[in-house]
Each structure stands twice: as structure tokens, then as C-alpha cells.
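# Overview (structure and organization)
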Amino acid sequence: MGRRRSVDIGGLALALSDENTGHGWGGWEETDCGETRYAEVLIDVRAHTETMVSQECEHAQCFVELDRSTRERLIHSLSSWHFEPHKLPEEEVIACSYILFEALYRIENMQETVSVSLNSVAKFLQHLCQLYRQVNTYHNFQHALDVFQAVYYFLYSSGAVPPVTILLEDGRTWKRDRENCDPLVSILTDEDLFALYIAAVGHDVGHPGLNNAFMKNAKTPLAVVYDDKSVLEQMHYSLILQIMRHNDLGFLLDRPCHGQLFRKLLLGTVLATDMGVHFDFMAEFRRLLNGADFPDLKRRILVCQALIKCADISNPSRPYLVSQHWATALESEWSSQLLLEKHLQLPQSVKPSDSRVGEANSQIWFNNTFAGPLFDLVAEGIPPLEQFACQARENLALWKSRAAELAAEQDAPSSASSQAPVGTPLSWPSQAPNDFLTAFPPALPESFRAPDELPYPMCYHHHHRGSSIALAPSTSSSSSTPSQYESCESSLPSPTFSPILEPTSGPHPPSSPSPPLSMSGSLPPRLELSTATPHPRAPSVASTAHSASAASVFSITNDATAAIRAAYKASVRKKKSFHRSSWNPSPTAVSALAQPLPSVPSALGRSPVSPAGSAGDSPMSLSAGSPSTGTLTPSPLTPEATGAQGRPTLLKAALVSASS
């Protein structure tokens, strides 16, 4: 009989082994294997997700009751396609999302079908809102509500849900008339409608304000875990599941039969918002319209995907001025990403417009390439959506006319002196690179999450959107400056050359109205959110412990992981054998294990999830020095490191299981 092996050691080695080589965490003594790094990153992402969701659940605000006049005003606003959530205060934005669920529950037996109370829905929405990064000028909870309202409007136009104004009539219920309902939309069940609503309001939860190309180029932990495939969308789906489980909706996911179907429809709907798979969807939906024999579940998923995709890029189909706001908000978010990419010396994955002509041309290109063909195709299968396709075509004509006018003005000799330097983004960045440290940590590269020194001063943006925009002074006080659009919180009216955007040394253009600014000096004024006193946050368990006062929860967790990993390696070092693997500790490993572990320096900063510092810390803020891996091993995500090649299938299966 062979020598007994520890169940924990043997199981861990098997779980982390590569099917072809047998190289697991015990591994060869020379180097760390890629699968080890993958395991560490997986633990990193999972720990951050659970910590963030749990912390935000504790600090979710109570639902605010509305007076009758405000409630009626919001109901009428939601019933219009000229809906502008970016002009609403945060409490009304959350109230609008709740009102849409209220209207859905006027469908006969809807609450009995889904077995979820409106009180649980309210808690879910409050928690969800907390996890949206409100300093994003585009991917924030206002955008989530915009998409949610568009989904409602499409369903209402198709006869699948009652009008939201039904709430103005006490006690009235509604029953779907399938004869008057669009045939394709009518295949959706009441539970499908509920899942679609959840997907719509949560489809961008936790969005860092950076795109999937950035995730891939920066080799972020999320990109490693999700193998560069729909990285952000898979994160959004995972967070939705976690928030549902924290708010009494988890049973919908775990039912013996229907739970799997609910998860599949929810997953397929959220992943469809990745524009990287846009043309794949277009081909599949065309096949559906051509009569392809799809299973019933796939047909329902395709219909939900069509609706949420049209809603997600519905801006070109909104009234022109509303569409113009969202275009500017997205330009500002891209400018912030471009600034971070230059700081990290990453390939440029976004190209903000550097002129009004460029902005108009970008809208023309997007409408011709994505929005127009999508609405035209979906309207073939769901005719009530033709009205939105028409609005998109009207907006396209307006953008073309505007582009021609601006091009003529730009060619005029008198306008030459007023042009900004070539390459300067039209919309002023709303965030400096260091402000991204408040984003979900696994969405940032390891080298940025723990820099040795910060080239820019830390500027905290409160997690919630304020009621007004103020211009932060640099060397002297500055008065408030209005944004170009009254409702837009993203750009200055006349962008000027900024050394932030061009950090290279060299002479400054003479057209800049401000004196030259060095990288080490003060920065030009930046847009900030002026808010009330920051919401105090209760300390986490780890932050209240005396021994953890100088280190973050994250660094403590990973120091423990590093210690376990070192002990494991020392005690189960794999020795080469022709017959079987032996797991004997070597004398050198035992002596190495006896050495004390290096202590965590106090300079690592505050916890990313506990308020060891000021009361204004963002719920998702991260101290500059918090490492994402154990201090005993090199980071698996440094730019010099190579990506993991042979990721174990068992871990991938575990990840899928954990996410679902």
C-alpha cells in the first residue's frame, strides 16, 4: 500500500494540475507555473467581489418615500421617450427604477409567478445603485435607468407590459392580450420579463469607466479570469448574481429546474451588451427572422438580446438633444480613459473627438455602423420598434447636416486661430489617472493598483453624484464654469491644451491661455462633483482589529494566501520520478519555511474596503500601495509577466459554478 497523502494537499494539487503535464501548485521548484498565477488571480477577483458586495449591502440607503406630486411627475416622465435621467437627483433615479418594477407588477399574478416582493426589489435596487460608479460620466446608474426605461418602452410599444401610467389608478391590474401583442415578443413569459428587467437595470453594474480593450491590453485580473472574452459583461453578470443573493432573490437562481433557465437567459441578455459580439448577434437574429429552427429558450434569449441591445445603444434613437448629451458624456469618459492609457503607456483603445466636426462624424459613423442597422433589423422582427428606427434616421440626417456646417466653419480663415491643438480631446477628462483607484480593483492592472509613487495628486471623487458641478481650483481659486450642455457633467466649453493629456516634455503651444504647467506642479482646473458631507462608512471587521490597523483587508488576505502557498510548496515539493509523484519536503525547504515572513509595511495605506482613513473614502476605493498578490512572490500581473497559457479546466469549471 502506498504512502497516505493529505486529502487537502492531494485535492489541491489535482485541482490546480494541468491535464497534460501534471504541473500543479506543488509544481517544479524552478518557476511558478501559469496555472498558479491563474489560481491566485481567481482568488483575488472572487475575494474583491464578495467583499465589495457585502460592504455595499451593509451601507445601502433606505428607500426614500416620494410625495404624490413628485411620484406623478416621475411616472409621466417615464412614459415619455424624451426621458432624461441625467437631470434627476439620485433619489429620484432610484425611485424611477422602482416605479418601473411597480408597473410590471400590475400584470395579473406577476408577483405570484416570480415569488419576489416589491420590498425585496426595492432593497435590490438600492444595493445595485451603490455598486455603480457614479463618477463615470456615461456608465453610471443614470445610464442604467436610461437603458431600463428604453426596455420598458419597447415592451410597452409591443403590448407586452402595461403603461407605467397604470400606477395613477389605484388597484388596477393588467392582462396581456396576446392577439394585440407583437408575435415575437409574445413568446416571453412573465418570468422572462422579470429577468429582462433585472438585466437592464444591472447590465453595467461595477463598470470602471474603462472598456474591454483596456482590460485586455492592461492584463487586468478580470481579463485573466475571463480569458479576454466579454470581460466587463461577465463581471456585470457575476455582480448581479451576488446582489440578488444578498437581497432575497437568490432562490430564483437555485431552483432545481427553472433556476438554470433563469440564469441562462440572464447571462445571455447581459453578455449581448458587449459590442464585440454585435455582428454575431446580427447574424443569429437574421437567422431567426429567416425561420431557423431554434429551441424555444434560444428564441426567447434572442428576443431579450435584441431588446436590451437596442436599449443599450438607444441614444441615437432618442430626441436629438437627448442624444447629444449622451454623446458628450461618452466622449468625456473616453478622454479619461485615454489619459490613463497614456499614463500606463498602453495602446490607445479609444479616440475621443478633437473637434466638433469629429464629434459629429463619430456619431454618423456609429449610427451607420451599429445603431441604424440594428434598429432596422430588429424592427423587421418587431414592427412596433420601427418608430425608433425612424428617429435614428432623423438624427443621422441632423448629424450629417451639423457636420457639413461645422466643416464649412472650420475651413473659414477666421476660425483658424480659435482651433484647439490637434489631438486635444474635445471633452475635458472628468478623472485624472489616480481617480481610477476608486474603481473595482480587479479592473485595474496590478502595476497601477500598487505604484511606487504617484505622479498625480490624489483627488477623491465621492461615490455618489452631486447636485452641481464645480471647478476645482489648482493654484488659485476659480469660479464655477458651466458645461457645454446644461445637463452634461463632463466637459468644459472651450478645451485647451493640457500637459495631462500630453505628458511629454516640450514647449507648450502659444495658443494655451494658461501658463505652462509641469508634471510635478499643480494641474489645471478639473471638473469635480460638489456634494454634501460624505456618507460615513462603518468599519469592516478586519479594519477594527488592532493588528490590521496599518494594512488593508486585501493585503492581509493575500499575505495569508502567500504564507499558505509557501508552506504548501515547502511541504509538498514535487520530486521527479519515473513512476509517480512523491510529495516529500526537502531540507532546504524546511529551513526556508522556518524563516519569519516579512511584515507588511505600514506605508501600504488604508483598506480598499474599510474606512481606516477619512470618512469620505469611496466604498470601492483602493489605497495606492495595496498589493494584489502575496508579498513573498512576484505579481502575476506585472507588465513583464507572461500570460497564463495552460489554465486548468477544473478551475474554469469551478469559476462557472461559482458565477452561477
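Since this is a predicted model, take the numbers as computed values, not measurements.

Thresholds, definitions, all that
- Residues numbered from 1 in each chain as written.
- Predicted model: local features only at pLDDT ≥ 70, side-chain atom pairs only at ≥ 80, totals over all residues.
- Heavy atoms only, no water.
- Helix = DSSP H or I, 4+ residues; strand = E, 2+ residues; numbered from the N terminus.
- Buried < 20%, exposed > 50% of the residue type's maximum accessible area, 1.4 Å probe, protein only.
- Contact = heavy atoms within 4.5 Å.
- Areas by Shrake-Rupley, 256 points an atom, 1.4 Å probe, with all protein chains shown as cover.
- Phe/Tyr/Trp six-rings, centres within 6.5 Å; stacked < 30°, edge-to-face > 60°.
- Lys NZ or Arg CZ within 6 Å of the ring centre and 35° of its normal.
- Core = buried A, V, L, I, M, F, W, Y, C linked by side-chain atoms within 4.5 Å.

### Comments concerning the overall build of the chain
Scanning the chain from terminus to terminus reveals 23 helices and 2 strands. Going through the 660 residues of the chain one by one, you find that 54% of them count as buried. Partitioning the intrachain contacts of the chain with sequence separation of at least 6 by distance along the chain shows that 78% fall at a separation of at least 24. Summed over its atoms, the accessible surface of the chain is roughly 28,200 Å², and 55% of this surface lies on carbon and sulfur atoms.

### Observations concerning the packing of aromatic side chains
Tallied over the entire structure, the rule returns 21 aromatic pairs. With a centroid separation of 4.9 Å and 65 degrees between ring planes, the pair formed by Phe 154 and Phe 388 is classed as edge-to-face. Here the residue Phe 154 occupies a position in helix α7 (residues 141–157), and Phe 388 occupies one in helix α18 (residues 386–411), the gap between them amounting to 234 residues. Residue class for Phe 154 comes out buried when judged on its relative accessible area of 0%. The class of Phe 388 is buried, set by a relative accessible area of 2%. A cation over a ring is seen here: Arg 318 above Trp 81, with NZ or CZ 3.9 Å from the ring centre.

### Some words on unusual backbone geometry
Across residues other than glycine, the phi torsion is negative in most instances, and most of the peptide bonds are trans. A positive phi angle is found at Ser 115, which is not glycine, with a value near 60 degrees. With respect to the element layout, Ser 115 can be found in the loop between α5 (110–114) and α6 (118–130). With a phi angle near 55 degrees, Gln 345 is a residue other than glycine that sits in the positive phi range. Considering the arrangement of structural elements, one finds Gln 345 in the loop between α16 (320–344) and α17 (356–381). The exposure class of Gln 345 is exposed, given its relative accessible area of 73%.

### Some remarks on the nonpolar core
The biggest cluster of nonpolar side chains holds 127 residues, and the ones touching the most others in it are Phe 101, Leu 104, Phe 154, Leu 155, Phe 194 and Met 244. A total of 11 residues in this core trace back to one element, the largest contributor, which is α7. The residues contacting Phe 194, other than those within four sequence positions of it, are Phe 101, Leu 104, Tyr 105, Val 114, Val 116, Val 121, Leu 249, Leu 252 and Phe 262. Core analysis: the second largest hydrophobic core is formed by 6 residues, Tyr 320, Ile 364, Trp 399 and Ala 403 among them.

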